[in-house]
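One-letter residues, chain by chain:
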Amino acid sequence: MDTERQPSPRRTVAILSRGDAATRRDATPKNGRFVDVFEALAAVGVDGRPAIYDESFADAAREQLLAVDGVLVWVNPIQDGRNRAGLDTLLRDVAAQGVWVSAHPEVILKMGTKEVLYRTRSMGWGSETALYRTAEAMRAELPTRLAAGPRVIKRNRGNGGQGVWKVEKLPTSSMIKVLDATKDAPEEVTLDDILRRCAEYFENGSVIDQAFQSRLSEGVVRCYMAGDRCAGFGYHKVKALVDSPARSEAGPRLYTSNADPRFQRLRRLMEDEWTPQLTSLLDIARGDLPAIWDADFMLGPVKADGSDSYVLGEINVSSVHPYPNEAPAEIARRVADRLQLKL
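Overview of the structure. All values derive from a computational prediction rather than experimental measurement.

Moving on, we get to the overall build of the chain. What the chain contains, in helices and strands, is ten helices and 17 strands. For the chain, whose C-alpha radius of gyration is 22 Å, the value lies close to the compact-globule estimate of 20 Å for 343 residues. When its C-alpha atoms are laid out on the principal axes, the chain stretches across 90 × 50 × 35 Å. Scored against the burial criterion, the 343 residues of the chain give a buried share of 50%. Restricting the contact set of the chain to residue pairs at least 6 apart, pairs at least 24 apart contribute 67%.

Here's what the structure looks like:
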């Protein structure tokens, strides 16, 4: 009787991104944006396979995903006029058939939309935040909040600053000053104008209203997470929603490792306090945290001991790229750990 143990088969993971038929045809682990992730997966014994998605060949993509153990998804919620509705249905289907999906659409709905700012407003990273589910509620409540200071209006799902506005009541006029996060110059408009611009946001979602943080011009810290562990940081002076002359100081995001001494307090908060609180509050299993996600923090009021406080501005889950050089190795470790649960 042959009792020799057979080697365990290597686990396989698809890396899914959006593209056309030519991109799908030419994709290999050696080209594209995710070469570093493919290499990191190979180093932990996981075979990575490129997978390209478009609505025109969704069935072929589905069959490809059903042939692997897991899939890492890098697709924006809104891109070139298209959304993720069809893709999310596909991902739910393959997940129901046993494929591990990161990030699963249900996890994205819990933590990867702007509504997370409202649901976690009581946490240490929270700020004074409101949620409008209808235009009528926004019309009724926004003026009172504007009377107390500038606000930031955000559509529930979006990326690249789309659907993000700084709104401010003018002291000597009934008009409202509005600055689109994707534009350079503010406008003066009426409340009705704002409501008309936000009308489409209520068709499939909600609107978040967050107090504007006066220290935004000092920069934003992005904490990259692989599961529940920090995978590095990014820091940059921002241009969006910042008035001149601070706009001229804006620059590219500078990436650094999770060992950067400037951000060790934030790392401890994220790993030891805030991520466990987040998963508990939103009912997300630790193993279902995305293999890569990030949280953007503005500087809040200085604390009594002289240290900075941090205010969450958004969580990105759907398509986190680029990222620090150390992140692929952290992603690969989380993937290997998660796939081990399937054995």
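Tallying each qualifying case throughout the model produces seven aromatic pairs. A network of ring pairs unites the aromatic residues Trp-125, Trp-274, Phe-297 and Tyr-310 as a single cluster. If you follow Arg-121 out to its NZ or CZ, it ends over the ring of Tyr-118, 3.9 Å from the centre. If you follow Lys-166 out to its NZ or CZ, it ends over the ring of Phe-212, 4.0 Å from the centre.

A word on the sheet that holds strand β16 (residues 293-302). Judged by pairing direction, the sheet is antiparallel, and its five strands sit side by side in the order β15-β14-β13-β16-β17 without closing on themselves. Strand pairing shows two members of the sheet lacking a second neighbour, β15 (254-256) and β17 (308-316), which therefore form its edges. Pairs of neighbouring strands in the sheet enclose a mean axial angle of 30°, with direction left out of account. Two strands pair when backbone bridges link them, and strand β14 (residues 229-236) and β15 are joined in this way by three bridges, in the antiparallel orientation.

This part is about the layout of surface pockets. Taking a probe equal in size to a water molecule and rolling it over the atoms shows the remaining empty space. Approximately 980 Å³ is the volume found for the largest pocket. Broken down by element, the lining of the largest pocket gets its largest block of residues, four residues, from β17. Looking at the lining of the largest pocket residue by residue, the class counts come to 16 nonpolar, 17 polar and nine charged. In this structure, the second largest pocket spans a volume of roughly 480 Å³. Around the second largest pocket sit 18 residues that line it, and Ile-78, Asn-83, Arg-155, Arg-157 and Asn-204 are the ones nearest its centre. Sorting the residues of the lining of the second largest pocket by element identifies β5 (82-83) and α4 (85-96) as the ones contributing at least two each. Considering only residue class, the lining of the second largest pocket consists of five nonpolar, six polar and seven charged.

With that settled, the discussion passes to the side chain of Ser-318. Relative to the elements of secondary structure, Ser-318 occurs in the loop between β17 and α10 (327-340). Look past the residues within four positions of Ser-318 in its chain and what remains in contact with it is Val-73, Trp-74, Val-75, Pro-77, Arg-84, Ile-108 and Arg-157.

What counts, and at which threshold
Residues numbered from 1 in each chain as written. Predicted model: local features only at pLDDT ≥ 70, side-chain atom pairs only at ≥ 80, totals over all residues. Heavy atoms only, no water. Helix = DSSP H or I, 4+ residues; strand = E, 2+ residues; numbered from the N terminus. Rg over C-alpha atoms; globule rule 2.2 N^0.38 Å. Buried < 20%, exposed > 50% of the residue type's maximum accessible area, 1.4 Å probe, protein only. Contact = heavy atoms within 4.5 Å. Phe/Tyr/Trp six-rings, centres within 6.5 Å; stacked < 30°, edge-to-face > 60°. Lys NZ or Arg CZ within 6 Å of the ring centre and 35° of its normal. Pairing = 2+ DSSP bridges. Axes fitted to C-alpha atoms, helices over the stretch in contact; angles between N-to-C directions. 1 Å grid on protein atoms, 1.4 Å probe; cavity = no way out; pocket = protein on both sides within 12 Å on 5 of 7 lines; lining within 4 Å. Points joined across faces, edges and corners; volume = space filled by probe spheres on them. Nonpolar A, V, L, I, M, F, W, Y, C, P; charged D, E, K, R; others polar.

Shape is all these values report; function is a separate question.
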